[in-house]
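Descriptive analysis of the structure
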Amino acid sequence: MKRFVYVNDSDLTPSIYCNNRISNTKYTLFNFIPKNLWEQFSRFMNKYFLLIACLQLWPLITPVSPASTWGPLILIFSVSATKEAWDDHGRYLLDKQANERSVWVLKKGIKTRTQAQDIQVGDILWLRDQDEVPCDMVLLGTSEPGGICYVETAAMDGETDLKTRVVPPPCIGLTSDLLHKIKGVIECPQPDKDIRRFDANLRLFPPFIDNDFCSLTINNTLLQSCYLRNTEWACGVAVYTGNETKLGLSKGLPEPKLTAVDHMIDTLTGAIFVFQIVVVVILGVAGNMWRLSEGQKMWYVKYNLTSSPWYEFLVIPLRFELLCSIMIPISIKVSLDLVKSVYSKFIDWDLQMYDESTDTPAVATNTAISEDLGQVEYILTDKTGTLTENIMVFKRCCINRVCYGDATGDALTDTQLTRALHDHVPEVVKFVKVMAICNTVVPARSGNGTLSYKAQSQDEEALVQAASRLHMKLINRTGSRLELDFLGDSLHYEILDVLEFTSDRKRMSVIVRELKSRKIKMLTKGADETILSIVHPEQQCRVISEAVEHYSQVGLRTMCVAWRDLDDEEYSRWSVKFKEANSSVTEREWKVAEVCQLIETNLELLGATAIEDKLQEGVPETIQTLRKAGINFWMLTGDKQSTAIQIALSCNFVLPEPEGQLLHVQGRTQQEVQISLERVLRTLRISSTEPKVNVQQDEIEMATCDVLKHDIAFVIDGWALELALHYNKEAFEELAMLSKTAICCRVTPSQKAQLVQLVKNCDYRTLAIGDGGNDVKMIQEAHVGVGISGREGLQAARAADFSLGKFRFLERLILIHGRYSYNRTAFLSQYSVYKSLLICFIQIFFSFVSGVSGTSLFNSFSLMAYNVVYTSIPVMTVVQDKDLKEETVLQNPQILYFCQAGRLINPSTFAGWFGRSLYHAAVVFLITIHVYANEKSEMEEMAMVAFSGCIWLQAFVVPLEMNAFTSVQIIGIVGNLIMFYLVNFAVSMLKWGGMYTIMDRICSQPAYWLAVTLIVVVGMGPVFALKYFRFVYRPNAINVLQHFEHMAASANANPASVESPLRSFEKGSMPLSLNSPSKAELGSVYEPLLCDSPSSSLKRGGLNHSTDFIPSSPSKFTLSAYARSKNN
């Protein structure tokens, strides 16, 4: 489908096109309530709670007041709806501001001021300097004589450098008066969201030009939300308006990411639901049996078996379903959403992740996946701008088999090169001309006459700057005209065609006509393998190829430069084909690439350039630390293989020989790649333990093979990768599972995303980090996406879940924020289930002394307050809990293994919390029953005693599981107890609440305080004893570090001193009674009452020593030895 836009002619433009009113709101006043409710009830758990709430409206079966469920349900839904409404109102205000902005529009030949929302497709708009572009426009005229204007596209792609946009050739030179009368038609595709492509054609109606079409590209457009800069005025025709603009179509909510913890919570919730159904069925059958056998013997029960309705047998099971419905806590999602929002704020507020040089703070865009940072196993990273500074400096070059800059390290100061230029050596002059001309750089002069360059690529800017220092200055680029200054002489060129760089072509060419000689030249630059494949077959390229290899080995970015003289006839024939391909509205890029290949042949290879891109500060140290934490690294880059390997060596990505070994997967055919892949796999199988999917052992076996002392990595290029993924995908997946490090070179953005998907399919948690628009796909594909706010703009940062100023902040993001978030979320989620199970089990125990009738022991107000208030406030203080100090975590990154292995939340730890809830419920119920066995008390009084025992238990459970205490935590726990008594005393004063005078009566009874004391002592005694036993006699690595932190604190020592005692512990000289059990003893350890049970076994295995997570020598511990089973 095509769209035909008639310029300045509203009568011919179809009325089916929308106006320019934008709307980013999710709701309207009329659909907010039904749409929001539909969204909330689309979740299974919300449907479940709604069903329970509806069942409670049936008086015959409900054991409690419907308010006990409807109250929390309405509160939770109201909070969620209010948040949605607030966010949507903010979007509405921004839309209103944009829609009512005033713009100049040409109406019937007269410029009139109108609101942006009234713009129609085909209208001609006039913009002034600093104006925001209100819709997608095709540029028709500017105040600049060459038909160019400057725009800031930061709102679109995050790139802060000004871009140049050009008027289509037929419109260049049209005056303002003529632009008022211009008529024509634009043939363009239907609206799409690709901000880098606009394949259209323009035809102006006579008398402006004949009927020939002029092809349009993205460089002829002004896109919505960009700003006009350094240009007095510009005008254009609206082609896409409203929500059909490229920006409007690009907006939208990304697919939600489910963290590993969320997945585990869903699994455990499903298990609870199944358990609940089983309990309901069993108790329902038992209740009906008791009703039929014993109930009729007791006159006061009033069971009438003769006139009971047909559904009587369903009443008791449904009552138990309502009683047991609290097994699944209704507040767990809200609680987790709230604490996750706090986690994200901790990241935003972390000044240690603030980059002063660029004034860039860390930002958590996705507030829902902070805990996944603590479980990352693979980091897939871009190179340029992510590991490096992306500040390009021209260093060396090789021209006509002569290398410059090798002696001095800087070709610009090489006297031999400057002498060759002054002597007008043809090859050298050609080489520097290509550097100055073959680009899209625009020169600009400041008010004081200083010449500067505006470039979209850091490489291009470096080459043009270098050419300028070599006396080949680009001083003017106006439309299709270009001017150079070479040693005082002016050189003028006409740009005939630009063969743009693409990730597939990996080269760029510019065809120019030298105005003085009228000769046509083609200037080309690009990746060495693409340029060398299209040079003249008789040319000798060995010296230049060796120079490129040498430059790559020292970590420089290389590029080859070529040249070709064209005759007019050849160019004319080719130009017709190129214009035809450029005029295609469909598949234009593919057709243009086909035509480009026809003329990019038999080139004269002039030489090669070498550009330096320095490593960012702290990159080697960060990678080394994260490697110790068991995280594997893959580098995905578009650079040459040798350059990538050198950068990998310099930043500790791979180790040099003999400590490290680099294996190559290479080949140009399917068979060659398959043979190479099998050879690498054989080596890795020998040097690694079994793959993760086959590991079933309960212990982590430390590697003893000598080969494991080596760091083994593999390297592959884009071509071999394409063949491997297409023909040998299973073998490559095995390679991904076995390898700790990979370097993938010359890969495209889509291949980066494919590799992330492949690692994800191997059941690893992935993190992708990059800084440019070519990294967006892999960032969005990974479990966690991190963007670097770099010189390539903010596209990656905006698409990512987290954005950082520098790569080195990744260490703190993972080890501190990720680890703490995982620990806190694991505790909070399991505690939420525990406290719900506690109340539910007490209700079940009570049913055995109440005729298995499904009667509730607790009143509705207590049940509602228990979930919403009494047990929520103390546990929310967990957001400040830290099991270890930050300094200790950073010094001992190996403890991240506990999080990666999922040892703080899994079926085993959940079984511990399940057992604890069952035990505490038995303690509360039995002590309450026995203490009040001889008391003449009402059921409400006994219920309040049991309820008080639950609240007091929580006051000790929460602190026992926390590791650090702050004033907020103390106030939350103690204040919650005080509030419990104040609220219940207030309610007991009300005659209609069903609790009248209860608190006065029970608090005056010694039996009440005896029962509460016994509940706390009996309930918490075994838990505390077992926790103490684990810490003192069977400690894990975290316990050891905690112990030395306490020792350091008691001795007023620096916490950093924990490392030395820890090493002595590894050698068996631990000063205290922290004797480690034998390997056999640890193999079957099970911690039923503790939530943090990593000492027994990991998701991939167990420990043969308490501190095996902190080996004294990193080379003796490999991740491949870290067994990869997730069966636990």
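Residues numbered from 1 in each chain as written. Predicted model: local features only at pLDDT ≥ 70, side-chain atom pairs only at ≥ 80, totals over all residues. Heavy atoms only, no water.

Our focus in this paragraph is the sheet that holds strand β21 (residues 481–486). Sheet architecture is open: 9 strands sit in the order β17-β16-β26-β25-β24-β23-β22-β21-β20, paired in antiparallel fashion. Every interior strand has two partners, whereas the edge strands, β17 (402–404) and β20 (472–478), have only one. Going across the sheet, the axis of each strand differs from the next one's by a mean of 30°, ignoring polarity. In this structure, strand β16 (residues 388–399) lies alongside strand β26 (residues 604–615), joined through 8 bridges in antiparallel fashion. If you follow Cys397 over to β26, its bridge partner there is Thr609. (Pairing = 2+ DSSP bridges. Helix = DSSP H or I, 4+ residues; strand = E, 2+ residues; numbered from the N terminus. Axes fitted to C-alpha atoms, helices over the stretch in contact; angles between N-to-C directions.)

Moving on to the side chain of Ser344. Following the sequence through the fold, Ser344 ends up in helix α9 (residues 332–349). In this structure Ser344 comes out as buried when scored by relative accessible area, which is 2%. At a separation of 2.6 Å, a polar atom in the side chain of Ser344 contacts the main-chain carbonyl oxygen of Ser341. Discounting chain neighbours no more than four positions away, the residues touching Ser344 are Ala364, Thr367 and Ser370. (Buried < 20%, exposed > 50% of the residue type's maximum accessible area, 1.4 Å probe, protein only. Polar contact = N/O pair within 3.5 Å; in protein donor to acceptor, adjacent residues only side chain to side chain. Contact = heavy atoms within 4.5 Å.)

Our focus in this paragraph is the side chain of His817. Tracing the chain through its elements places His817 in helix α25 (residues 809–847). Assessed through its relative accessible area of 10%, His817 is described here as buried. Once you skip the residues sitting within four places of it in the chain, His817 turns out to touch Phe346, Ile347, Asp350, Met353 and Arg812.

Averaged over all residues, the pLDDT of the protein chain is 81; the fraction at 70 or higher stands at 86%. For the stretch residues 690–709, pLDDT sits under 50, and the model shows 58 contacts to residues farther than four places along the chain or on other chains. Here residues 1055–1128 is a poorly scored stretch, pLDDT under 50, and it has 220 contacts once near neighbours within four places are set aside; other chains count. (pLDDT = per-residue confidence, 0-100.)

This next bit is on the nonpolar core. By size, the foremost hydrophobic cluster in this structure holds 150 residues, and its most contacted members are Ile379, Ile743, Leu767 and Leu810. Each residue touching Leu810, except ones within four places of it in the same chain, is listed here: Ile379, Leu626, Leu767, Ile769, Val786 and Leu804. Within the second largest apolar cluster, 46 residues are counted, among which are Val5, Cys135, Cys149 and Ala234. (Core = buried A, V, L, I, M, F, W, Y, C linked by side-chain atoms within 4.5 Å.)

So, about the packing of aromatic side chains. In this structure the tally under the stated criterion is 28 aromatic pairs. Ring centres 4.7 Å apart and planes at 15° place the aromatic pair Trp574 and Phe578 in the stacked group. One end of the pair is Trp574 and the other is Phe578, both in helix α15 (residues 568–582) and 4 residues apart, which spans about a single turn. Comparing Trp574 with Phe578 shows no difference in burial state: the two are buried. Residues Tyr981 and Trp1009 carry aromatic rings whose centres are separated by 6.2 Å and whose planes lie at 25° to one another, so their mutual orientation is stacked. Of this pair, Tyr981 sits in helix α32 (residues 967–987) while Trp1009 sits in helix α34 (residues 1006–1033), and the two are 28 residues apart along the sequence. Residue classification places Tyr981 among the buried residues on the basis of a relative accessible area of 13%. Take Trp1009: its relative accessible area is 37%, and that puts it in the partly exposed class. (Phe/Tyr/Trp six-rings, centres within 6.5 Å; stacked < 30°, edge-to-face > 60°.)

What follows is about unusual backbone geometry. Although it is not a glycine, Arg401 adopts a positive phi angle of roughly 70°. Within the secondary structure layout, Arg401 lies in the loop between β16 and β17. Its identity is not glycine, yet Asp763 carries a phi of approximately 70°, on the positive side. As for its placement among the helices and strands, Asp763 is situated in the loop between α22 (749–761) and β31 (766–770).

So, about the pairing of strand β3 (residues 110–115). The sheet contact formed by strand β2 (residues 102–107) and β3 spans 6 bridges and is antiparallel. The partner of Leu106 across the bridge, within β3, is Lys111. The antiparallel hairpin formed by β2 and β3 contains 2 residues in its connecting segment, where Lys108 sits at a positive phi of about 55°.

What follows covers the pairing of strand β18 (residues 442–445). Where β18 lies against strand β19 (residues 451–454), 4 bridges are found, and the strand directions are antiparallel. In the sheet register, Arg445 faces β19, and the bridge partner there is Leu451. In this antiparallel pair of consecutive strands, β18 and β19, the connection spans 5 residues, and Gly449 shows a positive phi of 90°.

Those residues of helix α26 (residues 860–870) not exposed but buried are Ser860, Ser862, Leu863, Ala865, Tyr866, Asn867 and Tyr870. Two or three places before Phe861, at the start of α26, stands the capping residue Asn859, its side-chain oxygen 3.2 Å from that residue's backbone nitrogen.

Turning our attention to a nonpolar patch on the surface. Taken together, the side chains of Phe965, Ile970, Val974, Ile978 and Leu982 define a hydrophobic patch exposed on the protein surface, amounting to about 490 Å² of accessible area. Position of Phe965 among the secondary structure elements: in the loop between α31 (939–961) and α32. Judged by its relative accessible area of 46%, Phe965 is partly exposed. (Patch = residues over 30% accessible without salt bridge, like charges linked within 9 Å, V, L, I, M, F, W, Y side chains within 5 Å. Areas by Shrake-Rupley, 256 points an atom, 1.4 Å probe, with all protein chains shown as cover. Salt bridge = Lys/Arg side-chain N within 4 Å of Asp/Glu carboxyl O.)

The subject of this paragraph is the sheet that holds strand β1 (residues 2–7). Read across the open sheet, the 4 strands follow the order β1-β8-β9-β10; overall the sheet is antiparallel. The open sheet has two free edges, formed respectively by β1 and β10 (214–216), since each of these has just one partner strand. In this sheet, neighbouring strand axes are inclined to one another by 25° on average, regardless of whether the strands run parallel or antiparallel. The sheet contact formed by strand β9 (residues 200–204) and β10 spans 3 bridges and is antiparallel. Residue pairing in the sheet places Leu202 in a bridge with Cys214 of β10.

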